[in-house]
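# Secondary and tertiary structure notes
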Protein chains: 2
Amino acid sequence: MKNLIIASTSTLHGGDYLDYLLPELAVLFKNCTTLLFIPYARPGGITHEAYTQKVALAFAKINKTIVGIQEFENAKKAIEQAEGIFTGGGNTFLLVSQLYKNNGMNALAETLKNGTPYLGTSAGSNICGLTMQTTNDMPIVYPPSFLTLGMLPFNLNPHYLDADALSQHMGETRETRISEYHAFNSAPVLGLREGSWLEVKDEKIILKGTLSARLFMQNKAPEEILPETNLDYLK
Amino acid sequence: MKNLIIASTSTLHGGDYLDYLLPELAVLFKNCTTLLFIPYARPGGITHEAYTQKVALAFAKINKTIVGIQEFENAKKAIEQAEGIFTGGGNTFLLVSQLYKNNGMNALAETLKNGTPYLGTSAGSNICGLTMQTTNDMPIVYPPSFLTLGMLPFNLNPHYLDADALSQHMGETRETRISEYHAFNSAPVLGLREGSWLEVKDEKIILKGTLSARLFMQNKAPEEILPETNLDYLK
């Protein structure tokens, strides 16, 4: 009964926050008047309140009211009772730490399995994978576990970035980092470029947007996946 | 009694492994014939043996023999008895996990405090800070702690990269990531550009190389630090 949009990024270069996704979100959340927003990832360290206001402005364009999870005494109940849920981007280590601290991780997984519509962007998408181990974020806090929601039978790398052949920087490319992940872990990793998202309906996992995504499997060469591909075979 | 070289990178663009540092290393390790190499960070997932061979080739140029820590039954003792130590780059999460697993973290800190000369590059430099929380690496394994050697009274960000004003990528810049770190942590962070290193002698911490480094303090604007600056005031 899953009904999810899992997006690489909230914002395209030159666009406004969530703008490119609004037509999809109007459909995803068509039966909701109020959405629960989870601001735990706090991009740039902004407050829960400031983040919630930013999100409320974007969702007002499709006539949805936003309530931040910080306004509830019991985060777990807030998740269970939500009409629809959005988890925004920021720092994945912080998001995962706060979800565990507030008993939200299991509650969110159960709630999404039962069909509550969900939008994730960036860190909020990362947590839809099996683990957060292919995040790009800095470990600014120490989470109790790297295990996440498992809404997908693989891991995500949002904001996937192809190597720049002209770069003289010697830091690891994204592809190298993911190959290091596969030296120790077997789960597939989908590199989701900015502008791409996954549409999850029940067990179907369809790549959306105009770009291809890059699929990394342990002990295999990376592969480009075309839009409209159903990734449910990655089990 | 510290005697350390803590380098942003092992390799400059277009250069050979460790080449730009060899004159410094000949001085740092002048009283050593054999160095202990810690290959735990395994860049690209290569084996301890392959990594050790690569390092041995580079150090042969200054007539040093390299022995990998994997060749010893007791890693702690190998560290304590080493004439000099080099920890190479790769994945910091893996390095820290393996150091803890082999009872090497505390042993290494104590050994370096007692004056054993040490070279760190990239991940091997990251661990010289208070914590590994400003690494760029992917969390491919879950370490028991983010605490590291504390050879410096601050944290490092190796391979520091200035924001590209022309980029259309919406992922966080390095500076944004470090400011997120400072939303939750107070330790200073030094962004060490490729080609820069810190020379630590006793309590002196001198920035070396031709480039400036970028210093981030909580609740302050970032600051450029010039070569030859002594950073021991950052306590």
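Going by an unreviewed UniProt entry, chain A carries the name Dipeptidase PepE and comes from Flavobacterium restrictum.

### Remarks on the sheet that holds strand S6 (residues 155-157) of chain A
All names here are of chain A. With respect to topology, four strands assemble into an open sheet ordered S6-S7-S10-S11, the strand pairing being mixed. In the strand order of this sheet, the two ends are held by S6 and strand S11 (223-225), each with one partner. With strand direction ignored, the average angle separating the axes of adjacent strands in the sheet is 30°. Bridging between strand S10 (residues 213-216) and S11 involves three bridges; their strand directions are antiparallel. Bridge pairing in S11 links Arg-214 to Glu-224. In the packing of helix H7 (residues 174-182) onto the sheet, contacts are made with S6, strand S7 (189-191) and S10, and the angle to S10 comes to roughly 30°.

### Quick word on the side chain of B:Glu194
Tracing the backbone shows B:Glu194 in the loop between strand S7 (189-191) and strand S8 (197-201). Buried charged residue B:Glu194 carries no salt bridge. Nearest counter-charge: B:Arg174, at 7.4 Å. Within the structure, the side chain of B:Glu194 is placed 3.3 Å from the side chain of A:His169, a separation counted as a polar contact. Within the structure, B:Glu194 has its side chain in polar contact with the side chain of B:His159 (distance 2.7 Å). For B:Glu194, the contacting residues outside a window of four places in its chain are A:Gln168, A:His169, A:Met170, A:Gly171, B:Ser8, B:Thr9, B:Leu12, B:His159 and B:Leu211.

### Some details on the sheet that holds strand S10 (residues 213-216) of chain B
All names here are of chain B. With mixed pairing, four strands are arranged side by side in an open sheet as S6-S7-S10-S11. Pairing within the sheet leaves two strands with one partner each, and these edge strands are strand S6 (155-157) and strand S11 (223-225). The mean inter-strand angle of the sheet, taken between neighbouring strand axes irrespective of direction, is 30°. Contacts from helix H7 (residues 174-182) reach S6, S7 and S10, with the element oriented near 30° to S10.

### Some words on the nonpolar core
Among the nonpolar cores identified, the biggest contains 106 residues, and A:Leu108, A:Leu190, A:Leu198, B:Leu108, B:Leu190 and B:Leu198 are the most heavily contacted of them. With residues near it in sequence (within four places) discarded, A:Leu190 still touches A:Phe154, A:Asn155, A:Leu156, A:Asn157, A:Leu198, A:Ala213, A:Arg214, A:Leu215, A:Ile225 and A:Leu231. Residues A:Tyr20, A:Leu21, A:Leu35 and A:Phe86 belong to the second largest nonpolar core, which totals 22 residues.

### Observations concerning the relation of the copies chain A and chain B
Note on the copies: chain A fits chain B at an RMSD of 0.0 Å, the axial shift is 0.0 Å, and the rotation between them is 180°. Such a combination of rotation and displacement between the chain copies is what one expects of a two-fold axis. Comparing contact sets, 100% of the residues at the interface of chain A also lie at the interface in chain B, consistent with an isologous, same-surface contact.

### A word on the pattern of salt bridges
Evaluated as defined, the whole model comprises 22 salt bridges over all chains. We note a salt bridge from A:Asp137 to B:Arg177, for which the minimum N-O separation is 3.1 Å. Of this pair, A:Asp137 sits in the loop between helix H6 (123-126) and S6 while B:Arg177 sits in helix H7, each in a different chain. A single burial state applies to A:Asp137 and to B:Arg177, both of which are buried.

### What about the interface of chain A and chain B?
Contacts between the two partners involve 48 residues from chain A and, on the opposite side, 48 residues from chain B. If you sort the residues of chain A by the area they bury against chain B, A:Met138, A:Tyr142 and A:Met170 come out on top, with a joint share of 19%. Scanning the region where chain A abuts chain B turns up two salt bridges. Here chain A and chain B share 18 residue pairs in polar contact (both at pLDDT 80 or more) between them. Where the side of chain A that touches chain B is concerned, the elements lending two or more residues are helix H4 (92-101) and H7 of chain A. When the residues that make up the side of chain A that touches chain B are grouped by side-chain class, the tally is 20 nonpolar, 21 polar and seven charged.

### A word on the environment of A:Gln70
Residue and element names in this part refer to chain A. Along the chain, Gln-70 turns up in the loop between strand S3 (65-68) and helix H3 (75-81). Sequence-distant contacts of Gln-70, defined by excluding residues within four places in its chain, comprise Pro-39, His-48, Glu-49 and Thr-52. Within the structure, the side chain of Gln-70 is placed 3.1 Å from the side chain of Thr-52, a separation counted as a polar contact.

### A few points about the environment of A:His169
On the secondary structure map, A:His169 appears in the loop between S6 and H7. Residue class for A:His169 comes out partly exposed when judged on its relative accessible area of 22%. In this structure the C-alpha to C-alpha distance between A:His169 and A:Leu234, which are 65 residues apart in sequence, comes to 34 Å. When neighbours within four sequence positions are excluded, A:His169 is seen to be in contact with B:His159, B:Tyr160, B:Leu161, B:Arg174 and B:Glu194. A polar contact of 3.4 Å, which involves the side chain of A:His169, links it to the backbone oxygen of B:His159.

Criteria and thresholds
- Residues numbered from 1 in each chain as written.
- Chains lettered and ligands numbered in written order.
- Predicted model: local features only at pLDDT ≥ 70, side-chain atom pairs only at ≥ 80, totals over all residues.
- Heavy atoms only, no water.
- Pairing = 2+ DSSP bridges.
- Helix = DSSP H or I, 4+ residues; strand = E, 2+ residues; numbered from the N terminus.
- Axes fitted to C-alpha atoms, helices over the stretch in contact; angles between N-to-C directions.
- Contact = heavy atoms within 4.5 Å.
- Buried < 20%, exposed > 50% of the residue type's maximum accessible area, 1.4 Å probe, protein only.
- Lys, Arg positive; Asp, Glu negative; His and termini not counted.
- Salt bridge = Lys/Arg side-chain N within 4 Å of Asp/Glu carboxyl O.
- Polar contact = N/O pair within 3.5 Å; in protein donor to acceptor, adjacent residues only side chain to side chain.
- Core = buried A, V, L, I, M, F, W, Y, C linked by side-chain atoms within 4.5 Å.
- Least-squares fit on C-alpha atoms with pLDDT ≥ 70 in both.
- Buried area = accessible area lost by both parts, 1.4 Å probe.
- Nonpolar A, V, L, I, M, F, W, Y, C, P; charged D, E, K, R; others polar.

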